[in-house]
Amino acid sequence: MARWCYRHRLVVLVLWVGALFGLGAAGTSAGTDYSNVFSLPDTDSKQAYDLMTKAFPRSSGDTDTVVWRSSGDVGPVTDTAVRSRIEPVLKEIAGMRGVGEVVGPYDAKNAAQISRDGRTAFAQITFTDQANEVPKDLVRKVVDTAQGAERDGLQVELGGQAITRIQEPPTGVSEVVGIAAAAVVLFLAFGSLFAMLLPIVVAIMGVGSGMMATMLLSHVTNVPEVAPLLGSLIGLGVGIDYALFIVTRHRRGIQRGLEPEESAVRALNTSGRAVLFAGGTVCIALAGMLVMNLRFLDGVVIATSLTVVLSVLAAVTLLPALLGLLGPRVLSRKQRRKLAGAGPDPAEASGPAARWSAYVQERPRSIAAMALVVMAVLALPVLSLRLGATDQGNNQESTTTRQAYDLLAEGFGPGFNGPLQVVVPGGADTTELVRTIRATDDVAQAAAAPPAGGITVIQVVPKTSPQSVGTDRLIDRLRDDVIPEAGVEAHVGGVTAVFKDFASVTGDRLPYFVGAIIGLGFLLLLIAFRSLVVPLTAALMNLIAAAASFGVLVAVFQWGWGTEFLGIGKEGPITAFLPVIMLSLLFGLSMDYQVFLVSRMHEEWVHTGDNARAVRVGLAETSRVINCAALIMICVFSAFVLSGDMEGAMAGIGLAAAVALDAFILRTALVPAAMHLLGRSNWWLPGWLEGRLPHLAVEPAESPTGPNESTGPDGSTGPDKNTGFDKNTEHLKAAEPETSGTGGATVIHGFLRTADGDPLAGASVTLVSRGGRQLDRVTSIADGSYIVSVPAPGAYILAVTARGLASRAHHVTVGGGPLVYDVELTDDGAGLVK
C-alpha cells in the first residue's frame, strides 16, 4: 500500500482534499447538535430529576441572570435612583427578539430576588432557545444593554451558560497556537521546511476530517460539547507524532543510502506498522471508557476514536504520497550535500542520544532509583484528589460571569449558586420535613414550592458553596438521616447533587475501568513482543505516570499552585469525568511510546540475542524522536489552556504533564534502566504459552538485508525466540539463486539427510522472518525432500528439527528465484551439504 500511495501520490492527495472539503461542506450545512447527557441510573438525583421533569416541564430556552449591586453613596437597590436605571434596561431586554421573558425583583411576589441588606438584586432572563443556539450577537446586545446601566456605585454583571459563550476565545485559537509551537519544534528537529510541514499537514487533514465527521454524528447520537475539543486535542497530538515517527525513519533511510521510494516503503513497513499498532492501542484505551456505562462518555469515545483512526489513516496513506512529492527534498540542503559528498551515514547511532543510552547501561540502579523518587514526589498530591464539578465560580476574575457569581454569593450566601431540590412525590405533607431541613446544620434557607402534579419541591440553599466539602456532607446528611427520620419518601436533586452522584459513580467504577484498559494493553503487548515482562513493565509504568500526572493536576487546579500565572481561574475540585478521559488518553499515549521504544529493542534482540545491546541500541535510536514527539505533544496540549474551557485546560495541563513525565523520565530513563537490570528475563515467555498465542508482528514480516544489517559484537546473529533455538546457530551464506526472478514469491527446497547419508523423513522445517513471524512450516517426505514458500526476496531463518537429533536455525538470504539447501542433521547440529 505504501508503494502504491507513493507512486499514485496525486490521486491520494486529491482523494484526501476532496474528503476534507466534502465533510466540511456537509458539516457546515448540517450544523451541530451537541448535547450533554448525564444519565445516572439508580441514583437519587436521577430519580429527583425524573419526578421534576414530569411535574414541571422544562422551559424551552436557557435562563441567565442579570445581577446588580449598589455601594458607597448610592442607596439600596430599591431606591428610585437605582430603579430608574435598571427597570428601563430590563424592559428593553425583554423586548429583544429571541428573549422570551424577564423576571425582575421589583414585583412584590419576587421580593426574594433582593438580598437582606438591600444592596444586591438579580433578574432572570429566559431566552427562546437553548444556550448553544442563542445567537452570540443577541447575547452581546443583552450584555451591553445591561451593563449600560452602570454608574459609580452601581455594578452590573451577568451570568449563565449563554453569557459564557461570548467570553470564549475565538474557535481554533488553542489549535493554532499548538500547531505553531509544534512547527517550531519540528523545524529545529529536521532543519528542513518541507520536512517540518509534513507532520502538520497530515495532522490537520486527520483532525479536520475527524471534527467534520463528529459534527455530522452529533445529529444521530449524543455527543457532548467537550467531545470535539478533546478530539482535536488528542488528534493533533497523535497525528503529528505518528507522522514524525515515519518521517524520521524515512529520512534516516535516505541518509543511509536508500532511494527515496525504497526508504519510504521501508519506513511505512517498520514505523508505519508501529503507528497502526499504536493507534489501535489508543482506540482500545478510549473504548475502555465504555466500561463506565455513562452515556455522557459514549460521545467522547466516538469523537476521539474517530479522530485517532483518521489520523492514523492519514499517516499511512497521505504521508507516503507527500513523501513521493518531495523526494530527496525531505532532507535539508546541508544534509543532501553531505550525502552526496561523504556518502551514506553509518548504521550505528551517535550523538547525545547514544551517549545517554550508554550512560543508562553503565548506571541502571542509580538512574532507576532517582526516576522513582521524582515520580513518587510528584504523585503525593493525588492522595488528596477530590472529584466534583467546575462552575462559573472557577472562571477568571475579569469575566462578567465570575463577577455575577461572586455578587450572588456575597448578597445571598455561598450556597445560592448551587441550591438543592428535595423532591417529594405522592402529595405528602412536607411541613414537618421543611422544618427539620431548616434546623439542619449548614442549611441557610428551605422553602417548599406549591405542589404540581402531585409533586412538591423543597428548595434548599446550603450555607456552603456548591464545590465545598460541606455541601457534599449536607447532601449525605439529608439522604441518610433527615429524610428517613421524617418518614416520607423524598429524593435530593439539583445540579450540585447530580455532579456529586456523578463523581461517586465515577469513583466506584474507576477501578474496573483501569483494570480493563491495563488488561487489554497487557494482552496486546504480550502478543506483539512475545514476552511476559515487557507488558508487565508497561502496565506498571502506566500506573506510575497516571499517579504523577494526577498529582500535578491536583496541585495546579485543586490546590491553586500557578493558577494565577496560567490565567485559568479559581481553584476547585477536579471535574468528575476528567480522570476517565485522561486515563484513556494517557494509557493510549504511553503505550505509543512503549511500542516505539520496545519494538526497536525487540528487533535488535531478535537479530543479536544480546539484551544489553538491544536496550542500548533501541534507546539510542528512538529516544531522540520520542523526546521530540513528546515536546510536540506538550506544546499542543498546553495550548488548550487558551481554549477558555476549564475542562479543556485541565485535560491539556494534565496530559502535558503526563507526556513530559512519561517521555523524559519513564521511557528514556526508568524503562531502559529496568530492562538492563532484568537482563534476558525481559524476553521470557513460557513455551506452553508461546504455542497458544496468535502472531501480531509490530516489526515487518520480512527484513531484507542491507549494508547496515545488525549483528552481535562477535559477528554472529541472535536467536529466534519464537522457534526456541539458542544462540549457537550457524550463519550460512546463501547460495546463488537458480534463476533471476522479478522480486515476487519464491521457494527454498532441498533434501534432509542424516550423518550416514540416509534420507530424513518426518523432520520439521520452519521458515521464520527476521522479525520473528512464522511464514511457512512443512514436514519432509520419505525421500527427505522439503519445500517451503518464501513471500519475497530477503533474509530469513530456516529452522530444522527432528526427533533424536540436535535442532538448529540457519540464517539464509533468498534472491529473486528458488534457493537450493540440502541439510545434514547430526547429534551435534546441522551442516550444509550443498
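Everything below is about the structure shown above.
Residues numbered from 1 in each chain as written. Predicted model: local features only at pLDDT ≥ 70, side-chain atom pairs only at ≥ 80, totals over all residues. Heavy atoms only, no water.

Draft legend 1. Representation of the overall build of the chain. Counting its secondary structure elements, the chain contains 24 helices and 20 strands. For the chain, with 834 residues in total, the buried portion stands at 56%. Accessible area for the chain stands at about 34,400 Å²; split by element, carbon and sulfur atoms hold 57% of it. (Helix = DSSP H or I, 4+ residues; strand = E, 2+ residues; numbered from the N terminus. Buried < 20%, exposed > 50% of the residue type's maximum accessible area, 1.4 Å probe, protein only. Areas by Shrake-Rupley, 256 points an atom, 1.4 Å probe, with all protein chains shown as cover.)

Draft legend 2. Inspection of the packing of aromatic side chains at higher detail. Applying the stated criterion across every chain, the model contains seven aromatic pairs. Seen from their ring centres, phenylalanine 412 and phenylalanine 416 are 4.7 Å apart, and the 25° between their planes marks the pair as stacked. By relative accessible area, which is 22% here, phenylalanine 416 ends up partly exposed. Positioned above the aromatic ring of phenylalanine 194, the side-chain terminus of arginine 329 is 5.5 Å from the ring centre. (Phe/Tyr/Trp six-rings, centres within 6.5 Å; stacked < 30°, edge-to-face > 60°. Lys NZ or Arg CZ within 6 Å of the ring centre and 35° of its normal.)

Draft legend 3. Here's a closer look at the sheet that holds strand β8 (residues 455–462). Pairing in this open sheet of four strands is antiparallel, and the strands run β7-β8-β6-β9 from one edge to the other. Each edge of the sheet is formed by a strand with only one pairing partner; in this case those strands are β7 (443–448) and β9 (491–493). Sheet twist, expressed as the mean angle between neighbouring strand axes with direction ignored, is 25°. Examined bridge by bridge, strand β6 (residues 420–425) and β9 share three bridges and lie antiparallel to one another. Looking at the pairing, valine 423 lines up with histidine 491 of β9. Its contacts with the sheet place helix α16 (residues 431–438) against β6, β7 and β8, and it is angled at close to 170° to β7. (Pairing = 2+ DSSP bridges. Axes fitted to C-alpha atoms, helices over the stretch in contact; angles between N-to-C directions. Contact = heavy atoms within 4.5 Å.)

Draft legend 4. Structural context of the pairing of β8. In terms of burial, β8 is a largely internal element, seven of the eight residues being buried. Sheet topology note: the β6/β8 ladder contains six bridges and is antiparallel. By the bridge assignment for β8, glutamine 421 is matched with glutamine 459. Pairing between β7 and β8: five bridges, direction antiparallel. Its bridge partner being in β8, valine 443 is matched across the sheet by proline 462. A loop of six residues connects β7 with β8, the two strands running antiparallel in sequence, and glycine 453 in this loop sits at a positive phi of about 60°.

Draft legend 5. A look at helix α14 (residues 364–379). For α14, spanning 16 residues, the distance from its first C-alpha to its last is 22 Å, which sits close to the expected 22 Å at 1.5 Å a residue. Buried within α14 are the following residues: Pro364, Ile367, Ala368, Ala371, Met375 and Ala379. Down the axis of α14, the smallest arc covering the buried residues is 100°, so these residues share one side. Residues of α14 that are exposed and point over 90 degrees away from its buried face: Arg365, Met370, Val373 and Val377. Against the buried residues of α14 lie α13 (352–362), α19 (533–558) and α23 (646–678). (Expected span 1.5 Å × (residues − 1). Arc of directions from axis to C-beta.)

Draft legend 6. Just a positive patch on the surface, in detail. On the surface, a cluster of positive charge is contributed by Arg333, Lys334, Arg337 and Lys338. Relative to the elements of secondary structure, arginine 333 occurs in helix α12 (residues 333–342). In this structure arginine 333 comes out as exposed when scored by relative accessible area, which is 63%. (Patch = residues over 30% accessible without salt bridge, like charges linked within 9 Å, V, L, I, M, F, W, Y side chains within 5 Å. Salt bridge = Lys/Arg side-chain N within 4 Å of Asp/Glu carboxyl O. Lys, Arg positive; Asp, Glu negative; His and termini not counted. Charge placed at Lys NZ, Arg CZ, Asp CG, Glu CD.)

Draft legend 7. Main features of a nonpolar patch on the surface. On the surface, Val184, Phe187, Leu188, Leu193, Phe194, Leu197 and Val201 cluster together into a nonpolar patch covering about 640 Å² of accessible area. Of all the secondary structure elements, the ones that give two or more residues to the nonpolar patch are α7 (173–190) and α8 (193–217).

Draft legend 8. Region of interest: the side chain of glutamine 558. On the secondary structure map, glutamine 558 appears in helix α19. Within the local environment of glutamine 558, its side chain forms a polar contact with the backbone nitrogen of arginine 386, the two atoms lying 3.0 Å apart. If we skip the residues at most four places from it in the chain, glutamine 558 touches Ser384, Leu385, Arg386, Leu553, Glu571, Gly572 and Ile574. (Polar contact = N/O pair within 3.5 Å; in protein donor to acceptor, adjacent residues only side chain to side chain.)

Draft legend 9. How the structure looks around the pattern of salt bridges. Across all of its chains, the model carries 18 salt bridges by this definition. Ionic pairing is found between arginine 3 and glutamate 262, a salt bridge with its closest N-O pair at 3.5 Å. Taken as a pair, arginine 3 in helix α1 (residues 2–7) and glutamate 262 in helix α10 (residues 260–287) lie far apart in primary sequence, 259 residues in all. Given the relative accessible area of 31%, arginine 3 is considered partly exposed.

Draft legend 10. Representation of the side chain of arginine 252 within the structure. By the secondary structure assignment, arginine 252 is in helix α9 (residues 226–255). In this structure the side chain of arginine 252 is engaged in a polar contact, spanning 3.3 Å, whose partner is the backbone oxygen of glutamate 621.

Draft legend 11. Molecular detail of the packing of α7 against helix α22 (residues 611–638). Contact geometry of α7 with α22 gives a least axis separation of 7 Å together with a crossing angle of 160°. On the basis of the axis angle, α7 is roughly antiparallel to α22. The way α7 lies across α22 gives a crossing that is right-handed. Between α7 and α22, the residues in contact are Gly178, Ala181, Ala182, Val185, Leu186 and Ala189 and Arg624, Cys628, Leu631, Ile632, Cys635 and Val636, respectively. Here the residues of the contact of α7 with α22 sort into ten nonpolar, one polar and one charged. (Parallel < 35°, antiparallel > 145°, perpendicular 65-115°, else oblique. Left-handed = near helix turned anticlockwise from the far one by under 90°. Nonpolar A, V, L, I, M, F, W, Y, C, P; charged D, E, K, R; others polar.)

Draft legend 12. The arrangement of the sheet that holds strand β3 (residues 120–127) in detail. Judged by pairing direction, the sheet is antiparallel, and its four strands sit side by side in the order β2-β3-β1-β4 without closing on themselves. In the strand order of this sheet, the two ends are held by β2 (99–103) and β4 (154–159), each with one partner. For this sheet, the mean angle separating the axes of adjacent strands, direction not counted, is 20°. Running over the sheet, helix α4 (residues 80–94) touches β1 (63–70), β2, β3 and β4 and is turned about 155° from β2. In the packing of helix α15 (residues 400–412) onto the sheet, contacts are made with β1, β3 and β4, and the angle to β4 comes to roughly 110°.

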